[in-house]
Amino acid sequence: MAQRQADQRDFGSSDVLVDELFATTQRLRAFVDGRLREHGASVSRLRTLRVLARAGEPLRMRDLAELVGNAPRTTTTIVDSLERDGLVERVRHPEDRRAFLLTLTEEGARRHREAEELDRAALATATGTLDPAEREHLRTLLARIRTAVGEGAAADADADV
C-alpha cells in the first residue's frame, strides 16, 4: 500500500499543494462513499437523487446529466440502477413523444432523505477536527483558487479569439 501511494505521488502534478488537494478529495469521497455503501447508497446515487429532489420538477436525462456533472452515459447507468430499485421513474414528456422525464418516487424521496443524513454525519466526522475559524479560512482559500482558475480560463479564452 505504501509503495502504491508513493507511486501516485511520483506521477501527480508539478505542485504538491494540488496533489494534496486531489488526494484529500479522493480520500474524502472514498470515506463518505464507504459510509453510504453500508446502507445501499453511494455518492453518485446520492448526487443524482439530490438533483432530482431539489429540481422542483421532472428533468430530462440530458438536463440531469448536466446538473450532476456526469457524462450522459454515466447518468443513464445510474438512473437505470435507481429505476430498478424503485427510486426513480421515467414518465413520458407531455410535449415531446420521444423524450422521458425523470422524477423521484415516494421511496426515492425517503431514501434520498436517509442518504442525506448519512452524508451529513460522514462529512461532520471528516471535518470535525476543524474549528469554525479554520473552516472559514479554508473556504476562503479554496474560493481564491476557484476564482483564479475561473479568471485564468476566461483570460485564456479571450487570448484565443
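Structure: above.
What counts and how
- Residues numbered from 1 in each chain as written.
- Predicted model: local features only at pLDDT ≥ 70, side-chain atom pairs only at ≥ 80, totals over all residues.
- Heavy atoms only, no water.
- Helix = DSSP H or I, 4+ residues; strand = E, 2+ residues; numbered from the N terminus.
- Buried < 20%, exposed > 50% of the residue type's maximum accessible area, 1.4 Å probe, protein only.
- Contact = heavy atoms within 4.5 Å.
- Pairing = 2+ DSSP bridges.

Participant: What is the right way to look at the side chain of T75 in this model?
Facilitator: Examined against the element boundaries, T75 turns out to sit in helix α5 (residues 72-84). The class for T75 is buried, based on a relative accessible area of 0%. In this structure T75 touches M61, L64, A65 and N70, once residues within four positions along its chain are discounted.

Participant: Teacher, can you tell me more about the sheet that holds strand β1 (residues 59-60) here?
Facilitator: Working definition: the strands of a sheet are paired by backbone hydrogen bonds and lie parallel or antiparallel to each other. One open sheet holds the three strands; their spatial order is β1-β3-β2, and the pairing between them is antiparallel. For this open sheet the edge positions go to β1 and β2 (88-92), each flanked by a neighbour on one side alone. Both β1 and strand β3 (residues 100-104) contribute to a ladder of two bridges, which runs antiparallel. Its bridge partner lying in β3, R60 is registered against L101.

Participant: Mind showing me how you'd approach the side chain of D119 here?
Facilitator: Examined against the element boundaries, D119 turns out to sit in helix α6 (residues 106-127). If we skip the residues at most four places from it in the chain, D119 touches V32, L36, L46 and R50.

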